[in-house]
Each structure stands twice: as C-alpha cells, then as structure tokens.
Amino acid sequence: LTYHFPSRELHLHALVDRLLLDYAAKFTRVVTRALDAGEGGDLDALIDWLLEDAVSPVTARLFPALWDLGNQDARIAGELDRFYGKALMAALEALGLDPECPATGELQAVMAVLGTLVEGSTAIHGRGGPAHPDFQVFKSTAKAILLPALRKALESARAGQAAIEG
C-alpha cells in the first residue's frame, strides 16, 4: 500500500473517490431506470428508493462517515459537493431536461429539498432502518408533501424548456 499511497491522506482520498464513484454509478442506474424521460417516470418509486437506501445499514453508516471526513478535509468536502451536483444533473437528464435551462430552477429547488430530506433521514432514521414503523410514517408523509411539488415543478420545467427551445 505504501508504494501506491505514500501517505495515509492519499490512501483515504483514493478510498473516498472510489466509494463515491461506485455509489454514483448505482444512483445513476436507479434514477435512469425509475425516470422515463417521456412520462416523468415513477417518481413515487424513486422517492421510495432514495429514502429506503438512505436508512439502509450500509448507507446509514457510510454517508455520516463521509460527511465527517469532509468536515476535516477540504478535498473530500469538494468531492462530496461534486457528487451531490452530479446526482442532481443525472436526475434532470434522466427526465429529459437540460440542467442548464433556466426553466428547471423550480424543479432543482424541489429536488434540493428532496435531497436534504433524504440525507436528513439518514441521521434521524438510519439506526432504525427502513422497516421501522417511525420511518414508514416519515416516508409516507414525505411522499405526500414532495410528490405534488415534484410533479408540478417537472411540468413547469418541461413547459418552460419547450418554450425556450421553440
């Protein structure tokens, strides 16, 4: 190991890079499968996956550790920022939207709320897991609030992008 990684810091950076790369690939596969660009996909199923994955045993341990490392290491913090940015872009592209289009602003804001809710569920419900009754109530409440907002913002983004594209 010391040949390839002469310092603990370089080894840690390589490990974090690999973990985020692997998780990003998994996320992109799930998002692409769940979101059909023609119809808006199955937003309900996507929210289920996001919330349940956030409290799964592996994810509930991995991401808090990465956040902690990001608080101590600027490079890891930057990698986490890029990871979350790419996740948003992957979701928009899976929906057939141009992430640079100004018409996606409201949708990006609603997706940021979803992301905050997902990551927060790791901290609040991560120890109980997806089968815990409290988490099930949380999940149904989150979906009741988010699904209408996502659908409305998606419709608005599609209409706005179509108007811009002419």
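That block above? That's the structure.
Colleague: I'm lost on the overall build of the protein chain in this one. Help?
Modeller: When helices and strands are tallied, the protein chain shows six helices and zero strands. For the protein chain, the N- to C-terminal ordering of α and β elements is α-α-α-α-α-α. Taken along the three principal axes of its C-alpha coordinates, the protein chain extends 55 × 40 × 25 Å. With 166 residues in all, the protein chain has 40% of them scored as buried. Looking at the protein chain alone, contacts between residues at least 24 apart form 70% of all its contacts between residues at least 6 apart. Summing over all exposed atoms, the protein chain offers an accessible surface of approximately 9400 Å²; the carbon and sulfur share of this is 60%. Distance between charge centres in the protein chain, computed from 15 positive and 22 negative side chains, equals 6 Å.

Colleague: Explain helix 4 (residues 74-94) to me, please; I cannot follow it from the model alone.
Modeller: Along an α-helix, residues three or four apart share an orientation, since each turn contains 3.6 residues. With 21 residues, helix 4 extends 30 Å between its outermost C-alpha atoms, agreeing within 8% with the 30 Å of an ideal straight helix rising 1.5 Å per residue. Looking only at helix 4, the buried set comprises Ile76, Gly78, Leu80, Phe83, Ala87, Ala90, Ala91, Leu92 and Ala94. Phi for glycine 96, located one or two positions after helix 4, is positive at around 80°.

Colleague: So what exactly am I meant to see when it comes to the packing of aromatic side chains here?
Modeller: Each aromatic ring pair is summarised here by two numbers: the centre-to-centre distance and the angle between the ring planes. Summed over all chains, the structure comprises seven aromatic pairs. Counting every residue linked through ring pairs, the aromatic cluster contains Tyr23, Phe63, Trp67, Phe83 and Tyr84.

Colleague: Explanation requested: helix 6 (residues 133-165) in the structure shown.
Modeller: Between the first and last C-alpha of helix 6 there are 46 Å, a value that for 33 residues agrees with the 48 Å anticipated at 1.5 Å per step. Of all the positions in helix 6, only Phe135, Lys139, Ala142, Lys143, Leu146, Leu147, Leu150, Ala153, Leu154, Ala157, Gly160 and Gln161 are classed as buried. Where helix 6 is buried, its residues touch helix 2 (43-54) and helix 5 (105-125). A positive phi of about 80° marks glycine 166, the residue just after helix 6.

Colleague: Please explain the nonpolar core as it appears in this structure.
Modeller: Within soluble globular proteins, side chains that are nonpolar generally end up buried alongside one another. Phe27, Leu107 and Leu150 are the most contacted members of the largest nonpolar core, which has 43 residues in total. Elements with a contribution of two residues or more to this core: helix 1 (8-34), helix 2, helix 3 (57-72), helix 4, helix 5 and helix 6. Setting aside chain neighbours within four positions, we find leucine 150 in contact with Leu43, Ile47, Leu107, Val110, Met111 and Leu114.

Colleague: It is not clear to me how a negative patch on the surface should be interpreted in this structure. Could you clarify?
Modeller: A cluster of acidic side chains, namely Glu93, Asp98, Glu100 and Glu165, defines a negative patch on the protein surface. Look at glutamate 165 and you get exposed, because its relative accessible area is 60%.

Colleague: How should the side chain of aspartate 48 be read in this particular structure?
Modeller: Looking at where aspartate 48 falls in the secondary structure, it is placed in helix 2. Among the polar contacts made by the side chain of aspartate 48, one reaches the side chain of lysine 143 at a distance of 2.7 Å. When neighbours within four sequence positions are excluded, aspartate 48 is seen to be in contact with Lys139 and Lys143.

Colleague: Just to check I follow, could you spell out the environment of aspartate 53 for this structure?
Modeller: Tracing the sequence through the fold places aspartate 53 in helix 2. Residue classification places aspartate 53 among the buried positions, given a relative accessible area of 7%. In sequence terms aspartate 53 and aspartate 68 are 15 residues apart; their C-alpha atoms lie 19 Å from each other. Ignoring any residue separated from it by four or fewer positions in sequence, one finds aspartate 53 in contact with Tyr23, Lys26 and Thr59. Side-chain polar atoms of aspartate 53 contact the side chain of lysine 26, separated by 3.4 Å.

Procedures and definitions
Residues numbered from 1 in each chain as written. Predicted model: local features only at pLDDT ≥ 70, side-chain atom pairs only at ≥ 80, totals over all residues. Heavy atoms only, no water. Helix = DSSP H or I, 4+ residues; strand = E, 2+ residues; numbered from the N terminus. Buried < 20%, exposed > 50% of the residue type's maximum accessible area, 1.4 Å probe, protein only. Contact = heavy atoms within 4.5 Å. Areas by Shrake-Rupley, 256 points an atom, 1.4 Å probe, with all protein chains shown as cover. Lys, Arg positive; Asp, Glu negative; His and termini not counted. Charge placed at Lys NZ, Arg CZ, Asp CG, Glu CD. Expected span 1.5 Å × (residues − 1). Phe/Tyr/Trp six-rings, centres within 6.5 Å; stacked < 30°, edge-to-face > 60°. Core = buried A, V, L, I, M, F, W, Y, C linked by side-chain atoms within 4.5 Å. Patch = residues over 30% accessible without salt bridge, like charges linked within 9 Å, V, L, I, M, F, W, Y side chains within 5 Å. Salt bridge = Lys/Arg side-chain N within 4 Å of Asp/Glu carboxyl O. Polar contact = N/O pair within 3.5 Å; in protein donor to acceptor, adjacent residues only side chain to side chain.

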